[in-house]
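If you want the building blocks of each chain, they are given just below.
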Amino acid sequence: MALFFDWFTQNLNEAFSELLNPKKRVSILYLLSAVVFAITWYVGKYGRQGLKPSVQWLSPSVWWHASSRQDYALWLINKFFFSLLAPKLLSQAAIATWIYYQGLSGVISFPSIVLATHWVIALFTLSFFLLDDFSRFLIHWLMHRSPLLWAFHQVHHSATTMTPFTVFRTHPIEGLLFSLRSAISQGIVIGLFAATFPQQISLFTVYGVLVSTYFFNLLGANLRHSTLPISYGKSIESVFISPAQHQLHHSLNPIHFDCNFGVTLAVWDRLFGTLRYGDDHQEIQFGVAGKIRNAKLVGLYCLPFQIAWRIFIRKLKTTLNSLYNTLTTSK
Ligand SMILES: [Zn+2]
Ligand SMILES: [Zn+2]
C-alpha cells in the first residue's frame, strides 16, 4: 500500500511539475506566451474589440467545462498508465544503436562525408524536425483513414470545447502509436547521422528543447486547442498550420472533415491534397457525432475497444465469406 502511495504521489508530482518545465507543451511559460500572443494578435488586428475573444476563452465556462474536465482527467490517468508501461516501450536509443551497429558491422555501408560540425548540427536538426513532423502527419492521416484507428482517435475529437490540455485528450492506444512513431522516426535520424558523422551530432536546442519546437510552443502552438480562430492568412498557412486550421480539423461539420492533419508544417497537407485555409471569423462547433460524443470518462476508454472489436469481427466475417466463396467456386 505504501509503495502504491509513493508511486501515486510521485507521478502526481511529476504531472504538475510539467507545468513548470519548458520541455513540456503545457508549461506555464508557453501557456502565458500563448495568451500574450493571442491578445497581441487580436488587439493588433482589431483594436480594443479584439480583447473580447481572448477574455471569453479565458473564462471558467471554457476551462471548467465538462469537456475540459475530461481533458484534465485523461491527462492524469494516461500519465499513470504510461509510467507503468514506459520501461517496456521501444526507445529511440534502441533503434539508433541498432542502425549505428549495422554500420559498424558492415551490414549497411554509410558514406563517409566530411562536413564542418556547424553544418552537421544544422542538417541534423533540420532532418530531425522534418521526419518528426512528417511522421506525425502520416500517423494522424492514417488514423482518419482506417476505421479501426479512428475508433481510438475519435476520443481526441470528442472535445466539445478546447484548451491547451485537449492535446492530452487521447486514448492510450493512440498514445502507444505515437510513442512508437517518435521512437522510430527519431531513432532513424539519430542512427543515420551518428553512423555518418560520428562524434559530430547534436541538436540546436533552447532550454534543452529542439529550437523549432521551442518557437512553435512559444508562438501559439497551444492556441491550436483553443476557441480562438487565429488565421495566419493564405500565404503563411500554405507553409505553417495556424490555430484556425487545426480548429477546422476539429469541426463537427462534415464539410470540414479530413483536412489539416499537419502539426507544424502545412506542406504535407498540400502534398496530400488535404489543406484547408482558416479564417479569423470562422465559427466552428467542435466534436464528433455518435456515441462517443456524450461519453463519460469510462466510456472514452472503453467505447473505442467496443467499436474496434465490432469492426474487426465484421472484417473477419467478410474475409472468411470471400475465402469460402473462392474455395467453393474453384471446386
Ligand atoms: Zn484528427
Ligand atoms: Zn487536436
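Cut-off values and rules
Residues numbered from 1 in each chain as written. Chains lettered and ligands numbered in written order. Predicted model: local features only at pLDDT ≥ 70, side-chain atom pairs only at ≥ 80, totals over all residues. Heavy atoms only, no water. Salt bridge = Lys/Arg side-chain N within 4 Å of Asp/Glu carboxyl O. Helix = DSSP H or I, 4+ residues; strand = E, 2+ residues; numbered from the N terminus. Buried < 20%, exposed > 50% of the residue type's maximum accessible area, 1.4 Å probe, protein only. Donors = N, O, S within 2.8 Å, 3.2 Å for Na, K, Ca; no water.

Caption draft 1: Representation of the pattern of salt bridges in the model. Enumeration according to the criterion identifies four salt bridges in this entry. For the salt bridge of Lys45 with Asp280, the shortest nitrogen-to-oxygen distance reads 2.6 Å. With Lys45 in helix α2 (residues 28-46) and Asp280 in the loop between α13 (267-272) and α14 (297-329), this pair connects stretches of sequence that are 235 residues apart. Judged by its relative accessible area of 46%, Lys45 falls in the partly exposed class.

Caption draft 2: Up close: unusual backbone geometry. Positioned with a positive phi, Asp258 is a non-glycine residue whose angle comes to about 60 degrees. By secondary structure assignment, the location of Asp258 is in the loop between α12 (243-249) and α13. The partly exposed category is assigned to Asp258, whose relative accessible area is 36%.

Caption draft 3: Molecular detail of the coordination of the zinc ion (ligand 1). Within the first shell, the zinc ion (ligand 1) binds the protein through His140 (NE2), His144 (NE2), His153 (NE2), His157 (NE2) and His249 (NE2), at distances of 2.1 to 2.2 Å. Linear spacing of the donor residues for the zinc ion (ligand 1) on their chain is H-x3-H-x8-H-x3-H-x91-H. Separated by 96 residues along the polypeptide, His153 in helix α8 (residues 147-157) and His249 in helix α12 bring together distant segments of the chain. Accessibility classification places His153 together with His249 in one group, the buried group.

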